[in-house]
Amino acid sequence: MKLYGFFRSGTSHRTRIVLNLKGLEYENHFISLAKNEHHQPSYKAINPQGFVPVLETAAGTLTQSPAMIEWLEEKYPEPALLPTDALGRAKVRAMTALVGCDIHPLNNKRVLEYLRQNLGLDETQVLAWCGQWIHSGFQALEQILASDVSRGKFCYGDQPSIADAYLIPQVDSARRFKVDLSLYPNISEIYQHCMTLDAFKQAAPEQQPDAV
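No experiment lies behind these values; they were computed from the predicted model shown.

**Some remarks on the UniProt feature "domain: GST C-terminal" (unreviewed entry) in the protein**
For step 1, the next point in the chain: Sites flagged by UniProt as "domain: GST C-terminal" (unreviewed entry) map to residues 85–212.
For step 2, the next point in the chain: What you have in residues 85–212 is 63% helix and 0% strand, and the ends, taken at the C-alpha atoms, are 42 Å apart.

Given below as structure tokens:
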């Protein structure tokens, strides 16, 4: 498999985590968002949206990280990253959607570029924008985590799930945007525990060869 991604891209980061948790080998192809390589015709031929990541597999080329991650879970079911029961799977998917649909899209590169270039916001205003939506999502997630009395050291249960793969990159992003994470003790504890595991450590942005 080949993964086209960028070291600091949250969607690339979450996909690397899942590939690592599954113990799968893959080849990295780096697409620099900083140098606008994702806008090049050669890359648009691979992904017409010009987004990262893209996962090339023997079965075909996959775009959109949620679809990739669900495909990986179906194609390589062990170790499982979703609970065995329907309610548990729904809860994990709800947490991933909270991060992947309600927080991350409002803080990604193209939105921030629009705020800076088209609306003329300064960095203080951009950080305030990012903080607003991260806090809004993290407040809800913190409450969900706190109310789950059977939860172990992860977002759900006693083993990593897709929810953790989504959360850890978002915490890294929150740090870049100077969000006060002390407000979220459960999220912080999950982050600290996940970062003791090789699958998460090796997927970290600063560990990638294209990190700048």
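**A few points about the pairing of strand β3 (residues 54–57)**
For step 1, the next point in the chain: Bridge analysis of strand β1 (residues 2–5) against β3 gives 3 bridges, and the strand direction is antiparallel. Each bridged residue has a counterpart across the sheet, and for K2 the counterpart in β3 is E56.
For step 2, the next point in the chain: Between β3 and strand β4 (residues 60–63), which follow one another and run antiparallel, lie 2 residues.

**Examining the packing of aromatic side chains**
For step 1, the next point in the chain: Under the criterion given, the structure shown has 5 aromatic pairs.
For step 2, the next point in the chain: Plain terms: the ring middles of Y4 and Y43 are 6.2 Å apart, the flat faces sit at 50° to each other, and that makes the pair tilted. In this pair, Y4 is assigned in strand β1 and Y43 in helix α2 (residues 41–44), connecting sequence segments 39 residues apart. For the pair Y4 and Y43, a shared accessibility class is recorded, and that class is buried.
For step 3, the next point in the chain: Measuring from ring centre to ring centre gives 5.8 Å for W129 and W133, while their planes differ by 75°; the resulting arrangement is edge-to-face. Separated by 4 residues within a single helix, W129 and W133 lie in helix α6 (residues 123–147), roughly one turn from each other.
For step 4, the next point in the chain: Over the face of the ring belonging to F177 we find R176, whose NZ or CZ atom lies 5.9 Å from the ring centre.

**Focus: the layout of surface pockets**
For step 1, the next point in the chain: Its boundaries defined by the atoms lining it, the largest pocket holds a volume of some 1,000 Å³.
For step 2, the next point in the chain: Looking at the lining of the largest pocket, the elements with two or more residues in it are α1 (10–21), α3 (65–75), α4 (86–102), α5 (109–118) and α7 (162–176).
For step 3, the next point in the chain: When residues of the lining of the largest pocket are assigned to their parent elements, the largest contribution, 6 residues, is made by α7.
For step 4, the next point in the chain: A breakdown of the residues in the lining of the largest pocket according to their chemical character gives 16 nonpolar, 19 polar and 8 charged.
For step 5, the next point in the chain: Three or more residues apiece are contributed to the lining of the largest pocket by two domains, here domain 1 (2–79) and domain 2 (86–200).

**Concerning the pattern of salt bridges**
For step 1, the next point in the chain: Under the criterion given, the structure shown has 5 salt bridges.
For step 2, the next point in the chain: For the salt bridge of K109 with E113, the shortest nitrogen-to-oxygen distance reads 2.2 Å. You can see K109 and its partner E113 sitting in helix α5, 4 residues apart, about one turn around the helix.
For step 3, the next point in the chain: Residue K109 is classed as partly exposed on the basis of its relative accessible area, which comes to 28%.
For step 4, the next point in the chain: When its relative accessible area of 25% is taken as the criterion, E113 is described as partly exposed.

**Observations concerning the sheet that holds β3**
For step 1, the next point in the chain: Read from one edge to the other, the open sheet built from 4 strands follows the order β2-β1-β3-β4, with strand pairing classed as mixed. A single partner strand is all that each edge strand has here, and the edge strands are β2 (27–30) and β4. In this sheet, adjacent strand axes meet at a mean angle of 20° when their direction is disregarded.

**Description of unusual backbone geometry**
For step 1, the next point in the chain: With omega at 0°, the peptide bond leading from V52 into P53 counts as cis.
For step 2, the next point in the chain: Structurally, the position occupied by P53 is in the loop between α2 and β3.
For step 3, the next point in the chain: Residue P79 follows E78 across a cis peptide bond; omega there is -10°.
For step 4, the next point in the chain: Looking at the element boundaries, P79 is found in the loop between α3 and α4.
For step 5, the next point in the chain: Residue N36 is not a glycine yet carries a positive backbone phi of 60°.
For step 6, the next point in the chain: Within the secondary structure, N36 is located in the loop between β2 and α2.

Quick notes on the rules
Throughout this description, residue numbers start from 1 for each chain and increase along the sequence as written. It should be noted that, the model being predicted, local features are given only for residues of pLDDT at least 70 and side-chain atom pairs only at 80 or more, the latter also being counted only at that level, while totals for whole chains, interfaces and linings use all residues. Excluding hydrogens and water, the side-chain figures rest on all heavy atoms present in the structure. UniProt positions are given in the numbering used here, feature names are shortened, and annotations may be inferred rather than shown by experiment. Where helices and strands are cited, they refer to DSSP runs of H or I of at least four residues and of E of at least two residues respectively, numbered from the N terminus. One requirement defines pairing of two strands: DSSP has to find at least two bridges between them. Pairing of aromatic rings covers Phe, Tyr and Trp, the last counted by its six-membered ring, and requires centre-to-centre distances within 6.5 Å; plane angles under 30 degrees mean stacked, over 60 mean edge-to-face, and any other angle means tilted. Exposure is judged per residue with a 1.4 Å probe applied to protein chains only, and the accessible area is read against the type maximum: over 50% gives exposed, under 20% gives buried, and values in between give partly exposed. A ring is considered to have a charge above it if a Lys NZ or an Arg CZ atom is located within 6 Å of its centre and within 35 degrees of its normal. Cavities and pockets were defined on a 1 Å grid built over protein atoms only: a cavity is a set of grid points that admits a 1.4 Å probe from which the probe cannot escape, a pocket is an open set flanked by protein on both sides within 12 Å along at least five of seven lines, and lining residues are those with an atom within 4 Å of any such point. Grid points are joined across faces, edges and corners, and a volume is the space filled by probe spheres set on the points. When residues are grouped by polarity, Ala, Val, Leu, Ile, Met, Phe, Trp, Tyr, Cys and Pro land in nonpolar, Asp, Glu, Lys and Arg in charged, and all others, Gly among them, in polar. Marked domain ranges trace back to an automatic or database domain assignment. What counts as a salt bridge is simple: a side-chain nitrogen of Lys or Arg found within 4 Å of a carboxyl oxygen of Asp or Glu. To get an axis, fit a line to the C-alpha atoms, keeping to the stretch in contact for a helix; angles then go from 0 to 180 degrees between the N-to-C directions.

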